[in-house]
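One-letter residues, chain by chain:
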Amino acid sequence: VDALTPVKIATLALQKQDINLGDFYGVWLKASHGLQSNGSILAKQILKSMKQREVLLLKNPVFLAAIFLDPRYQCMLNESDKNTGIDHLVKTWKCMIQIQDDVYQTDDVNNSATASNNVDSPDNTTETTDDGFELFLSSQSSVSSNRSDTNISNDISISLHNFKDVERLHYKTNILTFWESQKHEKSDLYKLANVVLAVPATQVSVERSFSSGIKFILSDLRTSLSANLLDAIMIVRSNTKFMK
């Protein structure tokens, strides 16, 4: 019975909602430590299965990226794991910048379209003459964009490498509170942490919303709801905290 105690504690801990990947790994490591301390045959068998599963976890770049940005457990990663996490974080950062640029470009296009309504269009002769020049300028713009992208990658890569071997935090530290305190000092890493730590570690919140919400929606008097309407009601019920 004692051999199952660490597993029971871990199971209860994982029933909480909004557990991020760092919290999940902490629960996992604590359970492994408890089983190893127990030393019984059953505990060893459970621990063996967990170790096999952990190998798969540590091959997931998303998981490694989240643990890398979690000073509580970064010390558990080897050098290769850290580098894999950094590579994924750099890719994530590029995507974030691209999305941001796309938003800005959309705004610029809308503003330009509005402004063009008040400006006469150039005659066809001028437009034809300037085509080659416009292509030249466009090509130069692409080169500048590539250089900028390289600089962005280098900057975030340097910040991430500087975060290697960061001073460990106590395992009871709230990692989201920690990153909130670093919002100004490490603004880029703070933005990255908000993304990678937003990845849900379990499906508890989804299952709980479905099991507790569906019984209040479907009843003997409401059995003909369409799938789309049911989805819409579930979304509203699951996000009521954002509607206050």
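Here's a quick rundown of the structure. For clarity, every value in this text was computed on a predicted model and none was experimentally measured.

### A look at the nonpolar core
And step 1. Judged by nonpolar contacts, the single largest core of 44 residues is most densely connected at Phe68, Leu69, Leu89, Leu160, Trp179 and Leu192.
And step 2. Those elements giving two or more residues to this core turn out to be helix 1 (5-13), helix 2 (21-38), helix 3 (41-57), helix 4 (61-68), helix 5 (79-116), helix 7 (131-162), helix 8 (175-181) and helix 9 (187-196).
And step 3. Apart from the residues within four sequence positions on either side, Trp179 is in contact with Leu69, Phe163, Lys186, Leu189, Tyr190, Ala193 and Leu197.

### Overview of the pattern of salt bridges
And step 1. Within this structure, the stated rule accounts for 7 salt bridges.
And step 2. Between Arg72 and Asp23 there is a salt bridge, with the nearest N and O atoms lying 2.9 Å from each other. Of this pair, Arg72 sits in the loop between helix 4 and helix 5 while Asp23 sits in helix 2, placing them 49 residues apart in sequence.
And step 3. Note on Arg72: relative accessible area 4%, which makes it buried.
And step 4. For Asp23, a relative accessible area of 25% puts it in the partly exposed group.
And step 5. Note that Arg72 is salt-bridged to Asp70, the shortest N-O span being 2.7 Å.
And step 6. By relative accessible area, Asp70 is classed as buried at 0%.

### Concerning the packing of helix 2 against helix 3
And step 1. Following both chains from N to C, one finds helix 2 and helix 3 inclined at 150°, their axes separated by 9 Å at the closest point. The angle between the axes of helix 2 and helix 3 places the two elements in the roughly antiparallel class. Our pair here, helix 2 against helix 3, has a crossing hand that is left-handed. Judged by residue contacts, Phe24, Tyr25, Trp28, Leu29, Ala31, Ser32, Leu35, Gln36 and Asn38 of helix 2 engage Ala43, Ile46, Leu47, Met50, Arg53, Glu54 and Leu57 from helix 3.
And step 2. Across the contact of helix 2 with helix 3, the residue classes break down as 11 nonpolar, 3 polar and 2 charged.

### Overview of the packing of aromatic side chains
And step 1. Overall, the coordinates contain 6 aromatic pairs when judged by the stated rule.
And step 2. With a centroid separation of 5.3 Å and an interplanar angle of 90°, the aromatic rings of Tyr25 and Phe63 are classed as edge-to-face. Placement of the pair is Tyr25 in helix 2 and Phe63 in helix 4, with a sequence separation of 38 residues.
And step 3. For Phe63, a relative accessible area of 4% corresponds to the buried category.

### Structural notes on helix 2
And step 1. For helix 2, spanning 18 residues, the distance from its first C-alpha to its last is 26 Å, which sits close to the expected 26 Å at 1.5 Å a residue.
And step 2. Packing partners of the buried residues in helix 2 comprise helix 1, helix 3, helix 4 and helix 9.
And step 3. In the segment just after helix 2, Gly39 is the residue with positive phi, at about 80°.

### Some points on the packing of helix 2 against helix 4
And step 1. Axis separation between helix 2 and helix 4 bottoms out at 8 Å; the angle between their running directions is 90°. If you check the angle between helix 2 and helix 4, you find them roughly perpendicular. Judged by residue contacts, Leu21, Gly22, Phe24 and Tyr25 of helix 2 engage Val62, Phe63, Ala66 and Ile67 from helix 4.
And step 2. Residues belonging to the contact of helix 2 with helix 4 are distributed by class as follows: 7 nonpolar, 1 polar and no charged.

### A word on unusual backbone geometry
Backbone geometry follows two general trends: most residues other than glycine have a negative phi, and most peptide bonds adopt the trans configuration.
And step 1. Positive phi outside glycine occurs at Asp165, with the angle close to 55°.
And step 2. Mapped onto the secondary structure, Asp165 falls in the loop between helix 7 and helix 8.
And step 3. Of the residues examined, Asp165 reaches a relative accessible area of 58% and is grouped as exposed.

Cut-offs used in this document
Residues numbered from 1 in each chain as written. Predicted model: local features only at pLDDT ≥ 70, side-chain atom pairs only at ≥ 80, totals over all residues. Heavy atoms only, no water. Core = buried A, V, L, I, M, F, W, Y, C linked by side-chain atoms within 4.5 Å. Buried < 20%, exposed > 50% of the residue type's maximum accessible area, 1.4 Å probe, protein only. Helix = DSSP H or I, 4+ residues; strand = E, 2+ residues; numbered from the N terminus. Contact = heavy atoms within 4.5 Å. Salt bridge = Lys/Arg side-chain N within 4 Å of Asp/Glu carboxyl O. Axes fitted to C-alpha atoms, helices over the stretch in contact; angles between N-to-C directions. Parallel < 35°, antiparallel > 145°, perpendicular 65-115°, else oblique. Left-handed = near helix turned anticlockwise from the far one by under 90°. Nonpolar A, V, L, I, M, F, W, Y, C, P; charged D, E, K, R; others polar. Phe/Tyr/Trp six-rings, centres within 6.5 Å; stacked < 30°, edge-to-face > 60°. Expected span 1.5 Å × (residues − 1).

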